[in-house]
Structures are given as C-alpha cells and as structure tokens.
Protein chains: 2
Amino acid sequence: MCELLGMNCNVPTDICFSFRGFRARGGGTGVHRDGWGIAFFEGKGVRLFLDPQPSIESPVAQLVHQYPIRSLNVIAHIRKATQGPTGLENTHPFMRELWGRYWIFAHNGNLVDYAPPLDGSYLPVGQTDSERAFCHLLQTLRTTFPDGPPDRMALRAALEAFAEKTRGFGPFNFLLSNGDCLFVHRATELSYIVRQAPFAMAHLKDEDVSIDFNEVTTPNDQVALVATLPLTDNEVWTPLPVNRVVLFVDGERVAD
Amino acid sequence: MCELLGMNCNVPTDICFSFRGFRARGGGTGVHRDGWGIAFFEGKGVRLFLDPQPSIESPVAQLVHQYPIRSLNVIAHIRKATQGPTGLENTHPFMRELWGRYWIFAHNGNLVDYAPPLDGSYLPVGQTDSERAFCHLLQTLRTTFPDGPPDRMALRAALEAFAEKTRGFGPFNFLLSNGDCLFVHRATELSYIVRQAPFAMAHLKDEDVSIDFNEVTTPNDQVALVATLPLTDNEVWTPLPVNRVVLFVDGERVAD
C-alpha cells in the first residue's frame, strides 16, 4: 500500500513543513520505499517531481523539502509497491491532459483483477492498477461530458459514480486535481485538517519539528491538508467519510 | 526564439556537462530568460523538470546540473517567449501520452496565425504555438496509424509529412522523443555531434569547463548530442540538413 498527501488552499502556499514529515515515511519512519512523487499546480501548469528512489534518500525530495514552491493544489504520494515493479513509469502521481487542463491523480489501494475497458484515448504507460484506473476515469469523464468540462458539482457526481463501480475491485483511496479544486475519495484511511485563523503551532509526528503558522500566514489564509495518516501530533485531524468523493475548494471542504 | 538541446545514446548517460553550458544561455551568456525545462526518459517513465524562471537562476536547474540522471533520451529547452506569456504552462518541453508511451516535444521557432484543426484528443493547456503544434502532431499520428504504433521509419515519414505542412507557418525546429529514439527537425539552426571511441577532451563554449570523456565512458558508448548552437569550442559539430526529420537511434544518425 502507499500513503497520500494533498493540499488545497485559497492562496498559494508552500508544503515544505508537511512534506518534511511525509517524506520521512518513505524509508525513514515508514516502509514506503518504492518511489515517491509530488505535483504542484502553478496556474494551469504543473511541476511534477517523480523518483523511484525512497523519498528519504532522494536528492530531488531534498530539493522539494527545502525549496518553497507555492501552489493552490498539491498532490503527493509515497509508494509501497503492490502491482507493477518499482520504476519511474509506476511512480505516482500520474499526469494526463483532458479539456485543455492537466489532471493529476494518486492512488492508495489495490484493485484486484482490474481490467477496465480502455478505448485508447488514455492508455497506461506502466503496469499499475492505479494508472489503469486513472486512464479509465478520464475516459469516463470525457465520454460522460462530450461537450466539455461541466461544473465542479457535476464532476463530483460523475467521480462518485466512477468510484462506486471501481471500489468493487478493492481499496480505492485517491486524490485528483485539475488545478482548480481537489477531489478526495476515502476507502480505508484518509484524514484532513483545515488551517485558518487563529493559527497555532504545529508539531510533526515523524520528526521533532514545529512551525508557528502565525509567522508564515495572513489572517485570510485557508489551507486544507489531506493525508492517509495525520502528519502532526498536536492538531485534530478529522477522518473523511468513507466511500464519498469530497470536494475541496479554496481550502474548504465544500461538498461530499 | 529559443534554444534546443537533445541527447540520444546507446547506454544511459548523464547530461550534466552539456546542460551546464546550455543552462548558462538562459540568462547568463544568452538571452533566453523566459523559462527552461528538461525531460529525461528512464525506461518508459519520464522525469520532467520545468521552471518559468531563467535557468541560470533556477534552484531546480542547479539540481539538474549537479545530479547525474542517466538516460537514453533527453530533451531540453530554454525559452525566449514569442507567443504566450512567461508561465509554467508555456514552458517546454511538453508531455502527452500516445499508444501507452509518453511523448516529449520542444520547439524553437514561431508559427504565425497557426490554428490547426484540433479534434479534442489533445488540447493545449497554455497559449503557445508550440503546444498547439504538438497537439496537432500527436492527433495526426493517432489518426494516421489507427491500429497502433508503426515502426520508426514509418513514424519518421509521417513526421516529415507533418513538418512539411507545418513549416509553412514559420520556423519549426523541433525535438521529439517517445523514449525509444529521437526525432529532430531543423528549420533554421540545429547541429549535432556523435561522441564515440576514441574519446577526447571537450571544452564548453559558455563556461571555462572541460571534461575528459575517456574518464567517464566505456569503449562501446555512443552519444549523439543535438543543439541549436554548438556547446563546445574544440569539437566539430555538423549542421543537420534543413527541412528533414532526422532519426537518431542508439546514439547514431540512422535516417533522414
């Protein structure tokens, strides 16, 4: 299995603090040694960093941890391989384009005997069940909305119908973003927290590191973080509802 | 306009030396300050680093320059914007998937009044003529070969037909790879060099740095480098033929 980390905000925010704790689980405090990746939206563009090395040893992860990249939507993943060998092509998150926007997808789970009917519009490059699911998801959106992108709520409903069919094959926790908002589906484990004024201190679970968010925020900032397991030990993380697609916009949980 | 750098090899090779000189042109010895990017194939996977900052100032470029990523096919680009503002979504190279392989594309030139008929299978995310051309190119390949990927020579012929039509809109130097081989089309400026035994010293044009390739190669290594302008001042670079799509495989110029 794997672990997921997502962020959705109302102002471009860096993820250095949270990524520091998350990264430690990729071979340090956790067993997820089979690669890691992170995608940052900047406007409609995406910076995608992928590495089949354990995040704890990766020079690219070191850069990401130190270099504050500010983004409204971030998706990260550390991998413990189930299907597909360790390799760059099997490293999450995955990226494709639909309707002139990049879409980023990361999955934690295991879809067994999963061979969805793919029409060729999106085909997996690697061997994971996860990338197959992502290809089928985008194909489904494209055929469901042939006239172009619908609004967020219609997208959420389509994703919920897709998730309902797909989770019959096994655990299907996923994060999905097109840079506009963040969709989250919990099957087994996923919690979230919204940080907003009044801000407080936060202390990582995986390293003895604290941050005072008062010093790095403005009063209107709102930041939602989603993680497989809570990243801090002095804040209250809320489990997400099971088998629902939750929509985050501007750092707020707006629908599920 | 912009500058292009490509590498195609028979053994995974790092591009640190060449990238060092190339990077200097992105705001140091050259005027290409509007972003830069580089894509490394590792098997079927891709590491894609993009940054709208000048390469000479970019922390990500610093990492790429210092961290030896070994690859058979690399495409890099430094940008001086013509169409589309400076921004991540307008930064080359671009990536899309076709036939279960990632394709990487970078362009140097300016296609004027260029609005190819796009059917929606690939749509540009940014505003550049380059990304429009790439989307149209992949759409053309997909419709030309509906049964799946043809062999390299058939691909080369299809790309040549595509380039012939497209260059009527303006300069259309491009590099394209699917990780298997490298296609190069010269409209105005593009030269190449093949490094093989007996290896020699090379000295960068843009920085006073030399490398002795005898120390970092084995006798069977073969490395083809393609660049808008030669990167070294003590080696013979050969201009590529104009208006031809040249195919490089295993570090060798095999067809044009």
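What you see is a predicted model, and the numbers here were worked out from it, not measured in a lab.

## Details of the environment of A:Val254
Residues and elements named next belong to chain A.
Point 1. Its location among the elements puts Val 254 in strand 15 (residues 252-255).
Point 2. A residue is classified by how many C-beta atoms lie within 10 Å of it, and Val 254, with 15 of them, is partly exposed.
Point 3. The residues contacting Val 254, other than those within four sequence positions of it, are Leu 247, Phe 248 and Val 249.

## Describing the interface of chain B and chain A
Point 1. In this assembly, 27 residues from chain B lie in contact with 27 residues from chain A.
Point 2. Of all elements in the fold, only strand 3 (45-51), helix 2 (59-66), strand 5 (94-98) and strand 6 (101-109) of chain B reach the threshold of two or more residues within the side of chain B that touches chain A.
Point 3. Examining the composition of the side of chain B that touches chain A, we find that 4 residues originate from one element, strand 3 of chain B, more than from any other.
Point 4. In the side of chain B that touches chain A, the residues fall into 13 nonpolar, 7 polar and 7 charged.

## Section: the packing of helix 3 (residues 129-144) of chain A against helix 4 (residues 152-166) of chain A
All names here are of chain A.
Point 1. Remark: helix 3 packs on helix 4, axes separated minimally by 11 Å, with the N-to-C direction vectors making an angle of 135°. The angle between helix 3 and helix 4 falls in the class oblique. Along this stretch, helix 3 crosses helix 4, giving a crossing that reads as right-handed. Contact residues: Ala 133, Leu 137, Thr 140, Leu 141 and Thr 144 in helix 3; Ala 158, Phe 162 and Thr 166 in helix 4.
Point 2. Among the residues making up the contact of helix 3 with helix 4, the classes are represented as 5 nonpolar, 3 polar and no charged.

## Observations concerning the relation of the copies chain B and chain A
Between the two copies of the chain lies a relationship made up of a rotation around an axis and a movement along it.
Point 1. Superposing chain B onto chain A requires a rotation of 180° together with a translation of 0.0 Å along the rotation axis, leaving an RMSD of 0.0 Å. Seen this way, the second copy is the image of the first under a two-fold rotation axis.

## Details of the confidence of the model for chain A
Point 1. Of the residues in chain A, 100% reach a pLDDT of 70 or more, and the chain-wide mean stands at 96.
Point 2. The ipTM for the predicted assembly is 0.96, set against a pTM of 0.97.

## Looking at unusual backbone geometry
Point 1. In this structure, A:Pro93 follows A:His92 across a cis peptide bond, with omega equal to -10°.
Point 2. Within the secondary structure, A:Pro93 is located in the loop between strand 4 (71-79) and strand 5 (94-98).
Point 3. Geometrically, the link from B:Ala197 to B:Pro198 is a cis peptide bond, its omega value of -5° lying close to zero.
Point 4. Tracing the sequence through the fold places B:Pro198 in the loop between strand 9 (191-195) and strand 10 (201-203).
Point 5. With phi around 60°, A:Trp99 is a residue other than glycine that occupies positive phi space.
Point 6. Relative to the helices and strands, A:Trp99 resides in the loop between strand 5 and strand 6 (101-109).
Point 7. Phi at A:Asn243 takes a positive value of approximately 60°, unusual for a residue other than glycine.

## Things to note about the sheet that holds strand 6 of chain A
All names here are of chain A.
Point 1. Taken in spatial order, the 6 strands of this open sheet run 5-6-7-8-14-15, and their pairing is antiparallel. Both edges of this open sheet fall to strand 5 and strand 15, since each of them pairs with a single strand only. Going across the sheet, the axis of each strand differs from the next one's by a mean of 25°, ignoring polarity.
Point 2. Strand direction decides the pairing type here: strand 7 (residues 172-177) and strand 8 (residues 182-185), joined by 4 bridges, are antiparallel. Considered in strand 8, the bridge of Ser 177 is made with Leu 182.
Point 3. Running over the sheet, helix 3 touches strand 5 and strand 6 and is turned about 15° from strand 5.
Point 4. With respect to the sheet, helix 4 is in contact with strand 7, strand 8, strand 14 (245-249) and strand 15, its orientation differing from that of strand 14 by roughly 150°.

## Some words on the packing of helix 1 (residues 16-24) of chain B against helix 2 of chain B
All names here are of chain B.
Point 1. Contact pair helix 1 / helix 2: the axes reach a minimum separation of 8 Å and the direction vectors enclose 150°. Put simply, helix 1 runs roughly antiparallel to helix 2. Across the interface between the two elements, Cys 16, Phe 19, Arg 20 and Arg 23 from helix 1 touch Ala 61, Val 64 and His 65 from helix 2.
Point 2. In terms of residue class, the contact of helix 1 with helix 2 is built from 4 nonpolar, 1 polar and 2 charged.

Calculation notes
- Residues numbered from 1 in each chain as written.
- Chains lettered and ligands numbered in written order.
- Predicted model: local features only at pLDDT ≥ 70, side-chain atom pairs only at ≥ 80, totals over all residues.
- Helix = DSSP H or I, 4+ residues; strand = E, 2+ residues; numbered from the N terminus.
- Buried ≥ 20, exposed ≤ 12 C-beta atoms within 10 Å, placed from the backbone.
- Contact = placed C-beta atoms within 7 Å.
- Nonpolar A, V, L, I, M, F, W, Y, C, P; charged D, E, K, R; others polar.
- Axes fitted to C-alpha atoms, helices over the stretch in contact; angles between N-to-C directions.
- Parallel < 35°, antiparallel > 145°, perpendicular 65-115°, else oblique.
- Left-handed = near helix turned anticlockwise from the far one by under 90°.
- Least-squares fit on C-alpha atoms with pLDDT ≥ 70 in both.
- pLDDT = per-residue confidence, 0-100.
- Pairing = 2+ DSSP bridges.

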